[in-house]
Amino acid sequence: MIAPPDRTPLPRAFFDRPVLEVAPDLLGRVLVRTTPDGPIALRLTEVEAYDGPNDPGSHAYRGPTARNAVMFGPPGHVYVYFTYGMWHCMNLVCGPEGRASGVLLRAGEVVEGAELARKRRVSARNDKELAKGPARLATALEVDRALDGTDACASGETPLRMLAGTPVPSDQVRNGPRTGVAGEGGDGELHPWRFWVANDPTVSPYRAHVPRRRRS
């Protein structure tokens, strides 16, 4: 008999660790998004680690800005950024305050509230695609910059919360190059920091970085 996912909230101490420990340990954990229409729960199946000042692929590599300020705050908070003028992506801050490391949530399986996620992801061909990729994940959960700085470890009512779920056994965890990251930060030999659940259909396909064309 398979035990149901653990609904215990993850404590702040879970996130107050090196990002390369936290990232694979997030696989199988459950993120709950509370909305006025009801909750949406997502089992995480793919993440990427970003190690702040030691990582040229990180938004925090060159220090704090108005955009990335949350990354320099306490662990367990949500960092949301806007990209390509169209999409939001969400991260969970890790490590000690001031260290600015975080985990990008890349993909997951909607395990509760799929009918709400479908309303936000009308182009998804099936439920496996509802949160297959970081922008799709944020869209399915209705996450935008208004939720930047949310404490995912707070007690009481909170729009985003991480639950213990069912951790993925280490022999089912895979890792490799991060998706779409340019330069040294995208080097899979130096930074094989994307982690995913082996053979899970909700994991997004790997794509190398493609430089954006300049308009003539």
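**Details of the layout of surface pockets**
Here comes step 1: Of the pockets and cavities examined, the largest pocket occupies roughly 1,100 Å³.
Here comes step 2: For the largest pocket, the lining is made up of 37 residues, of which Tyr84, Arg106, Pro134, Thr179 and Gly180 are closest to its centre.
Here comes step 3: When residues of the lining of the largest pocket are traced back to their parent elements, those giving at least two are β3 (38-50), β4 (78-83), β5 (87-94), β6 (101-112) and α4 (134-140).
Here comes step 4: If one sorts the elements of the lining of the largest pocket by residue count, α4 sits on top with four residues.

**What to know about the environment of Leu20**
Here comes step 1: Considering the arrangement of structural elements, one finds Leu20 in helix α2 (residues 19-25).
Here comes step 2: C-alpha separation for the pair Leu20 and Arg194, spaced 174 residues apart in sequence, amounts to 9.9 Å.
Here comes step 3: Residue contacts for Leu20: discarding those within four places in its chain leaves Ala49, Trp193 and Phe195.

**Remarks on the state of the cysteines**
Here comes step 1: The tally for this structure, following the rule as stated, stands at zero disulfides.
Here comes step 2: Not engaged in a disulfide, the cysteine Cys89 finds its nearest cysteine sulfur in Cys94; these two sulfurs lie 16 Å apart.

Calculation notes
Once a new chain begins, its residue numbering starts again from 1 and follows that chain's sequence as written. Only residues with pLDDT of at least 70 get local features here, since the model is predicted, and only at 80 or more are side-chain atom pairs given and counted; chain-wide, interface and lining totals rely on the full set of residues. To obtain the side-chain values, all non-hydrogen atoms of the structure were included, while hydrogens and water were left out. In this analysis a 1.4 Å probe is tested at points of a 1 Å grid over the protein atoms alone, and where it fits but cannot get out there is a cavity; an open set with protein on both sides within 12 Å along at least five of seven lines is a pocket; lining residues have an atom within 4 Å of a point. Grid points are joined across faces, edges and corners, and a volume is the space filled by probe spheres set on the points. Helix and strand definitions follow DSSP, with helices as H or I runs of at least four residues and strands as E runs of at least two, each counted in order from the N terminus. When checking whether two residues touch, look at their non-hydrogen atoms; a contact exists if any pair is within 4.5 Å. Disulfide: a pair of cysteine sulfur atoms within 2.5 Å of each other.

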